[in-house]
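Observations on chain architecture
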Amino acid sequence: MINNYSAKTGSPVTDLETPALLINADLLDANIEKMATFSKSKDINLRPHFKTHKCPTLSHKQIVKGAIGITCAKVSEAEIAVNSGIKEVLIANQLVTTEKIEKLVSLNRHSKVLVAVDSIKNAQDISKAAAKRGLAITVIIERDVGLKRCGTRSLDESLKLAQAIEKLPNLQMAGLMGYEGHTVFLTPVDNKKDQCRRAMETLLETKEVLSKNGFTVDIVSAGGTGTHEITSEYNGITELQVGSYATMDWKYKETGIDFALALSVLSTVISTPEKNLAIIDVGLKAITAEFGMPVFKTPTGASLVSLSEEHGTLQLNSDASKLSVGDKLELYPTHGCTTINLYDTFYVIRNNCLETTWPIVARGAVR
Ligand SMILES: Cc1ncc(COP(=O)(O)O)c(C=O)c1O
C-alpha cells in the first residue's frame with residue numbers, strides 16, 4: 001500500500017490527507033436502496049456491475065438489499081469477487097485466452113461464474129477447458145444492440161451460435177445480454193427512449209427467435225444507470241446490469257439521472273501564485289477528465305480550467321471569496337468508474353466525519 005496515511009475514525013473530512021476518494025455513506029445507502037426498491041417494483045432482477053466501484057464490501061451491501069449477484073467486466077475482477085464470497089457472477093465480456101478460460105473454469109468450482117460469448121470458436125474453447133475438468137460452464141450470448149462493441153450482429157448469427165453451443169459438451173446456454181451503452185447519456189429523454197426502444201427490440205427479437213427454435217432463454221440482461229427505467233419497461237428483460245447508480249457521477253447527474261452524488265475527491269489548495277489563480281493537488285492521476293472537467297461540490301467562485309498529472313488549475317472569478325493555501329475542496333468526478341480505479345481506498349464519510357475505510361480490492365484489475 002503506497003498511500004499509507006493513517007486516518008483516525010471520527011476525524012473531520014478536512015483532516016484527511018489528499019487527494020482522497022470520499023464516499024458519503026448516507027447517500028450511497030440511499031442509492032442502493034432506491035435501485036433495489038425499483039427493481040423489486042418492476043419484478044426484475046438486479047445484478048449490479050462491479051466495474052464501477054471494484055469494492056467487494058459495496059457489492060455485499062447491494063446483495064444484502066436483494067441483488068442476485070454481480071456483473072463483472074474482467075475475470076480478474078470476478079476472481080476477487082468470488083474470493084470475497086459472492087456466489088454468482090456474470091462476466092459481461094469475452095474471455096478468449098487459454099489462461100483466462102482456465103481461470104473461469106477454476107472459479108466455477110467455488111461460485112457460479114457465467115460468461116458472455118459471441119463466437120463459436122470462443123464457445124468451443126470454453127467447452128474444451130470445461131470438459132477437461134469435468135465441469136459445466138454456463139454462457140450467455142452477447143447480442144450487439146447498437147453499441148457496436150462485442151456481440152453477434154444478426155438473428156441468424158445468434159441462432160447459429162446457440163445451435164453450436166447446444167452441441168458442445170460441458171456448456172449450457174442460459175440466455176442473452178445486450179448492453180445499450182450508446183444510449184445511456186442521450187438527451188432529451190424522448191430521444192433516449194427511442195434509441196433504447198430500438199436496442200431492446202433487437203434484443204427481444206433475438207430472444208424470440210431462440211425461444212421459437214426450442215432454446216430456453218432464462219436470462220435477458222441489459223440496462224445502464226441512464227436507461228434502467230426505460231429498459232425495465234420491456235417485457236422479457238429479466239435483469240439489470242447497472243453500475244454507476246451506487247456512487248454516481250457528474251456526467252449522469254448532468255443528464256438528469258435522479259440518484260445522489262455519493263462520490264467525491266478531496267483536494268487541497270497548494271498554491272495561490274496569482275491574484276486570480278489557485279492550484280490544487282488533484283490532477284489526472286487522482287481524478288478523470290474523461291467526460292469533462294470535475295465540478296466543485298461547494299461553489300467557490302472558482303472554476304477548474306485544466307488538469308495536468310498532479311495539479312488542477314483554478315481560475316478565480318473577480319468576486320470570488322479568496323482561497324488560501326491549505327483550504328480543502330471537494331470535487332465531483334465526471335466519471336466515477338475511471339476515477340475510483342485510481343484509488344486503493346474509499347474513505348467512508350458520515351456527518352462530515354470519517355466512519356471507516358473500504359479497500360478497493362479490484363482497483364487495477366483489468367485482466
Ligand atoms: C457491459 C456493461 N453493462 C453495464 C454497464 C453499466 O453501466 P452504468 O455504469 O451506466 O450503469 C456498463 C458500463 O459501461 C457496461 O459496459
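Attention shifts here to the overall build of the chain. Along the chain, the regular secondary structure elements total ten helices and 17 strands. When burial is assessed residue by residue, the chain has 47% of its 367 residues classed as buried. Put simply, of all contacts in the chain between residues at least 6 apart along the chain, 67% involve residues at least 24 apart.

Taken as a whole, the chain is organised into domain 1 (13-22 + 258-359) and domain 2 (25-247). Centre-to-centre, using C-alpha coordinates, domain 1 lies 34 Å away from domain 2. Facing the 14 residues of domain 1 at the interface are 18 residues of domain 2. Looking at the side of domain 1 that touches domain 2, the elements that each hand over two or more residues are α10 (336-340), β16 (345-350) and β17 (353-359). Here the side of domain 1 that touches domain 2 is built from residues that sort into ten nonpolar, two polar and two charged.

Looking now at the nonpolar core. Residues Val-89, Ile-91 and Val-139 are the most contacted members of the largest nonpolar core, which totals 105 residues. Counting residues per element, this core draws most heavily on helix α7 (residues 189-212), which supplies six residues. When we break this core down by domain, the ones giving at least three residues each are domain 1 (13-22 + 258-359) and domain 2 (25-247). With residues near it in sequence (within four places) discarded, Ile-91 still touches Cys-72, Val-75, Ala-78, Val-113, Leu-114, Val-115 and Ala-116.

This paragraph deals with the environment of Trp-358. Along the polypeptide, Trp-358 turns up in strand β17. Taking the number of C-beta atoms within 10 Å as the measure of exposure, Trp-358 has 18 and is therefore partly exposed. Note: C-alpha distance between Trp-358 and Lys-167 (191 residues apart in sequence) is 45 Å. If near-sequence neighbours (up to four positions away) are discounted, Trp-358 is found in contact with Cys-55, Thr-57, Leu-58, Thr-345, Phe-346 and Val-348.

A word on helix α3 (residues 75-83). Across the nine residues of α3, seven count as buried, placing the element largely inside the fold. Taken together, the buried positions of α3 are occupied by Val-75, Glu-77, Ala-78, Glu-79, Ile-80, Ala-81 and Val-82. In this structure, the buried residues of α3 make contact with α2 (56-64), β3 (70-72), β4 (88-91), α4 (98-107) and β5 (112-117). Gly-85 sits one or two residues past α3 and shows a positive phi near 100°.

Turning to unusual backbone geometry, a few remarks are in order. Residue Pro-19 follows Thr-18 across a cis peptide bond; omega there is -5°. In this structure, Pro-19 sits in the segment before β1 (20-24). Following Thr-187, the chain continues to Pro-188 via a peptide bond in cis, the omega torsion being -10°. Residue position: Pro-188 is located in the loop between β7 (171-177) and α7. For Asn-170, which is not glycine, the phi torsion reads 60° and is therefore positive. Note on placement: Asn-170 falls in the loop between α6 (155-167) and β7.

With that out of the way, let us pick up the packing of α3 against α4. Between two packed helices, both the angle of their axes relative to each other and the distance between the axes serve to describe the pair. Orientation of α3 relative to α4, taken along the N-to-C sense of each, is 20°, at an axis distance of 10 Å. It follows that α3 is roughly parallel to α4 by the angle criterion. In terms of crossing hand, the pair formed by α3 and α4 is left-handed. In contact with Val-75, Ala-78, Glu-79 and Val-82 of α3, α4 contributes Lys-100, Lys-103, Leu-104 and Leu-107. Looking at the contact of α3 with α4 residue by residue, the classes come out as five nonpolar, no polar and three charged.

Bringing the sheet that holds β3 into the picture now. Working definition: the strands of a sheet are paired by backbone hydrogen bonds and lie parallel or antiparallel to each other. Strand order in this open sheet of eight strands is β2-β9-β8-β7-β6-β5-β4-β3, and the pairing throughout is parallel. Every other strand in the sheet has two partners, leaving β2 (45-46) and β3 as the edge strands with one partner each. Bridge analysis of strand β8 (residues 219-222) against strand β9 (residues 239-240) gives two bridges, and the strand direction is parallel. Counted as the bridge partner of Ala-222 is Leu-240 from β9.

With that out of the way, let us pick up the site of the ligand. Of all residues adjacent to the ligand, which total 13 residues, the nearest are Tyr-179, Gly-224, Thr-225, Gly-243 and Ser-244. Within the shell around the ligand, the residues separate by chemical class into four nonpolar, nine polar and no charged.

Where strand β10 (residues 263-274) meets strand β11 (residues 277-280), three bridges bridge the pair, whose relative direction is antiparallel. Following the sheet pairing, Ser-271 is matched in β11 by Ile-279. Where β10 hands over to β11, the hairpin turn is made up of two residues, counted between the paired strands. Looking at chain direction, β11 and strand β14 (residues 312-316) are connected through four bridges and run antiparallel. The partner of Leu-277 across the bridge, within β14, is Gln-315.

Reading the values: rules and limits
Residues numbered from 1 in each chain as written. Predicted model: local features only at pLDDT ≥ 70, side-chain atom pairs only at ≥ 80, totals over all residues. Helix = DSSP H or I, 4+ residues; strand = E, 2+ residues; numbered from the N terminus. Buried ≥ 20, exposed ≤ 12 C-beta atoms within 10 Å, placed from the backbone. Contact = placed C-beta atoms within 7 Å. Domains from an automatic or database assignment. Nonpolar A, V, L, I, M, F, W, Y, C, P; charged D, E, K, R; others polar. Core = buried A, V, L, I, M, F, W, Y, C linked by C-beta atoms within 7 Å. Axes fitted to C-alpha atoms, helices over the stretch in contact; angles between N-to-C directions. Parallel < 35°, antiparallel > 145°, perpendicular 65-115°, else oblique. Left-handed = near helix turned anticlockwise from the far one by under 90°. Pairing = 2+ DSSP bridges. Near = placed C-beta within 6 Å.

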